[in-house]
Amino acid sequence: MAATRPRVLILGGGFAGVGAAQKLEHADADVVLVDRHDYHTFQPLLYQLASGLLETTAVGHSLRDLVERQENTTVHQATVTAVDLHAREVSFDSMAPMSYDYLVFGLGAQVNFFGTEGAAEHAFPMYTLPHAIRLRDHLLERWEAADKDRSIVEDGALNIVVVGGGPTGVETAGAVAELYRGVFAKDYPGLPQEHARVILVEAGPELFSMFKPKLREYTSKALADRTVEVMTGELVSSVSPTRVKLKSGKELEAHTLVWGAGLQGNPLVQTLGLELERGNRIGVGPDLAVPERPEVYVLGDAAAIVDEKTKQVLPQLGSVALQSGEHAGETIARRIAGKEAKPFKYKDKGTMATIGRGAAVVQMLAGRTMTGKKAQVAWGAVHLALLPTNEDRAKAVVDWAGSTFTHQRVGRITVGTE
Ligand SMILES: Cc1cc2nc3c(=O)[nH]c(=O)nc-3n(C[C@H](O)[C@H](O)[C@H](O)COP(=O)(O)OP(=O)(O)OC[C@H]3O[C@@H](n4cnc5c(N)ncnc54)[C@H](O)[C@@H]3O)c2cc1C
């Protein structure tokens, strides 16, 4: 009878989980990839889906499709409900518990409303595919409703408040402003653009605190050029369907509040019995395994990975997640083949964000910076490389090129269900 092969159980089909699975293609192992969705979500482009720049299939990709050539890999759609590191077993909502020889934990992070009143019920977070589609459909619905009944415009039906002066908030505010001024201005010529305000609220004194001052100045100007109103030093205290209250006492009339203000670790990390680092992330060793559990690899947003060069914890970025996933996949394959594990070395792709067409900022760990069209090209190259297949890259390039030259948005229809 053939000896059974080791089982590598990968939790999460994000950048980290998919990167690990793909590097295990030739390993003498049974690889099982489990995610609550049957698709991989490309989070950096969610705001482009919400603002109609890209279609759903450019941002979500079938997980089965991504590993279909791998004979040793199976995919299951199920939600992880518990992980028992001691018993080496994982439980799910809709299938029998599964044991493992190696565990890859890539369940990412989730939105954090910091207990803000009404936010969980009424805010529009930007973390999943359903979030982005819900926001896009809501914006289209508000403009359609206002076109039929102008009285709701005065009540703030077209105003949008975006919370968070980091990349998610800035990118969303810039993209929505371009959607409003470029596309909706033509689609709804009777509706007053001055009553369609895009307001970006940040609690700290400045936007993009992680970037150098000259990149922050560039960003403020690029947002102003796109008519985004920026309010810094303001905290949102409560949200209702039509009003946003700030701690300073101000009240904003807005039927839409986008939440791009914070992340927290996946709640399962708190149940593992491991010591947690800042942001509820799990500390890992140089090979990305948990020091006291060498068969458990924690990756991407769920992990606190210390960069071997800077000795700083790496940021929660797609490139960190993908590279850590690929490294863990290679390491597990090496260990199964009886070879030594190697330490993880992060290749810095830079921290970057787009503000709109032709406007972006890039900052490398070594300190080099770029702005404008050059930065946008660099942003495009890094994000195209992160997309999981050539087909996805081609789709994104066609949609981006189309919107650049025609200023049109491919995804501005509401389908819903009847
Ligand atoms: C709006 C937004 C914009 C961003 N922009 C950029 C950017 O421009 N550039 C960049 O580099 N990074 C960006 N990031 C960060 C980047 O997307 C993340 O760092 C990266 O996705 C982390 O990858 P991951 O694999 O660790 O986790 P994720 O990509 O979050 O994947 C986790 C997976 O686990 C699954 N999952 C979670 N809980 C369960 C459960 N209980 N059971 C089963 N499955 C579960 C989820 O469905 C998901 O597929 C952005 C993030 C957001 C939210």
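Details of the structure are given in the entry above.
Caption draft 1: Local environment of the overall build of the protein. The helix and strand inventory of the protein stands at 12 helices and 27 strands. A burial count over the protein gives 53% of its 418 residues as buried. Pairs at least 24 residues apart make up 64% of the contacts formed inside the protein by residues separated by at least 6 positions. The protein carries 44 positive and 50 negative side-chain charges, and their two centres are separated by 6 Å.

Caption draft 2: Local environment of unusual backbone geometry. Non-glycine residue phenylalanine 114 carries a positive phi angle of around 50°. Relative to the elements of secondary structure, phenylalanine 114 occurs in the loop between strand 10 (109-111) and helix 5 (119-122). At asparagine 280, a residue that is not glycine, the phi angle is positive and equals roughly 55°. Relative to the elements of secondary structure, asparagine 280 occurs in the loop between strand 20 (276-277) and strand 21 (281-283).

Caption draft 3: Quick look at the sheet that holds strand 22 (residues 289-290). With mixed pairing, the six strands of this open sheet are ordered in space as 5-2-1-9-23-22. Either end of the sheet is taken by a strand with one partner, and the two such strands are strand 5 (73-77) and strand 22. Summarising the sheet, strand 2 (residues 30-35) and strand 5 pair through five bridges and their orientation is parallel. Bridging from a neighbouring strand, valine 32 pairs with threonine 74 of strand 5. In this fold helix 10 (residues 318-336) packs onto strand 1 (7-11), strand 9 (102-105) and strand 23 (293-298), with an angle of close to 155° to the strand it touches most, strand 23.

Caption draft 4: Layout of the site of the ligand. Neighbouring the ligand are 29 residues; Asp35, Gln43, Val80, Asp301 and Gly318 lie closest to it. Contact between the ligand and valine 80: a nitrogen atom at 2.8 Å from a main-chain N or O atom of the residue. Summarising the interface, the protein chains cover 92% of the accessible area of the ligand, which totals 1,000 Å² for the free molecule. Counting only elements with at least two residues in the shell around the ligand, the list comes to helix 1 (15-23) and helix 10.

Caption draft 5: Focus on the nonpolar core. If you look at the biggest cluster of nonpolar residues, it comprises 122 residues, and the most contacted ones within it are Leu9, Leu11 and Phe105. Among the elements that make up this core, the one with the highest residue count is helix 8 (residues 167-187) (nine residues). The residues touching phenylalanine 105, leaving out its near neighbours within four places in the chain, are Leu11, Val83, Leu268, Val269, Leu272, Tyr297, Val298, Leu299 and Ala302. Judged by nonpolar contacts, the second largest core, of 17 residues, contains Val161, Val201, Val239 and Ala254.

Caption draft 6: Representation of the pattern of salt bridges. Here the structure, examined in full by the defined rule, presents 15 salt bridges. Between glutamate 141 and arginine 142 there is a salt bridge, and its shortest N-O distance comes to 2.9 Å. Between arginine 197 and glutamate 229 there is a salt bridge; the shortest N-O distance is 2.7 Å. Of this pair, arginine 197 sits in the loop between helix 8 and strand 13 (198-202) while glutamate 229 sits in strand 14 (residues 228-232), and the two are 32 residues apart along the sequence. Overall, arginine 197 belongs to the partly exposed group, its relative accessible area being 31%. Residue glutamate 229 is classed as partly exposed on the basis of its relative accessible area, which comes to 29%. Three or more residues are tied together by salt bridges with common partners; here these are Arg5, Asp28 and Asp30.

Caption draft 7: Broad picture of empty space enclosed by the protein. Counted according to the given criterion, the structure contains two cavities of 30 Å³ or more. Quantified by volume, the second largest cavity comes out at close to 30 Å³. Lining of the second largest cavity is provided by Arg281, Gly300, Asp301, Ala303, Ile305, Leu314, Pro315, Gln316, Leu317, Val320 and Ala321. Residue composition of the lining of the second largest cavity, by class: seven nonpolar, two polar and two charged.

Caption draft 8: Focus on the pairing of strand 7 (residues 89-92). Of the two faces of strand 7, the one holding Val90 and Phe92 is buried and the one holding Glu89 and Ser91 is not buried anywhere. Between strand 6 (residues 80-84) and strand 7, which pair antiparallel and follow one another directly, the connecting turn spans four residues, one of which, arginine 88, has a positive phi of 55°. With two bridges joining them, strand 7 and strand 8 (residues 98-99) adopt antiparallel strand pairing. Opposite valine 90, over in strand 8, you have methionine 98 as the bridge partner.

Caption draft 9: Representation of the sheet that holds strand 14 within the structure. Spatial ordering of the open sheet is given by 11-18-12-13-14, a layout of five strands whose pairing is parallel. Sheet topology places strand 11 (124-125) and strand 14 at the edges, where each strand pairs with a single neighbour. Relative to strand 18 (residues 256-259), strand 11 runs parallel, the two sharing two bridges. Following the sheet pairing, proline 125 is matched in strand 18 by tryptophan 259.

Caption draft 10: Expanded view of the environment of serine 94. Relative to the helices and strands, serine 94 is located in the loop between strand 7 and strand 8. A relative accessible area of 52% places serine 94 in the exposed class. Those residues within four positions of serine 94 in sequence are excluded, and the remaining contacts are Gln77 and Ala78. A distance of 2.9 Å separates a polar atom in the side chain of serine 94 from a polar atom in the side chain of aspartate 93.

What counts as what
- Residues numbered from 1 in each chain as written.
- Predicted model: local features only at pLDDT ≥ 70, side-chain atom pairs only at ≥ 80, totals over all residues.
- Heavy atoms only, no water.
- Helix = DSSP H or I, 4+ residues; strand = E, 2+ residues; numbered from the N terminus.
- Buried < 20%, exposed > 50% of the residue type's maximum accessible area, 1.4 Å probe, protein only.
- Contact = heavy atoms within 4.5 Å.
- Lys, Arg positive; Asp, Glu negative; His and termini not counted.
- Charge placed at Lys NZ, Arg CZ, Asp CG, Glu CD.
- Pairing = 2+ DSSP bridges.
- Axes fitted to C-alpha atoms, helices over the stretch in contact; angles between N-to-C directions.
- Near = heavy atom within 4 Å.
- Polar contact = N/O pair within 3.5 Å; in protein donor to acceptor, adjacent residues only side chain to side chain.
- Areas by Shrake-Rupley, 256 points an atom, 1.4 Å probe, with all protein chains shown as cover.
- Core = buried A, V, L, I, M, F, W, Y, C linked by side-chain atoms within 4.5 Å.
- Salt bridge = Lys/Arg side-chain N within 4 Å of Asp/Glu carboxyl O.
- 1 Å grid on protein atoms, 1.4 Å probe; cavity = no way out; pocket = protein on both sides within 12 Å on 5 of 7 lines; lining within 4 Å.
- Points joined across faces, edges and corners; volume = space filled by probe spheres on them.
- Nonpolar A, V, L, I, M, F, W, Y, C, P; charged D, E, K, R; others polar.

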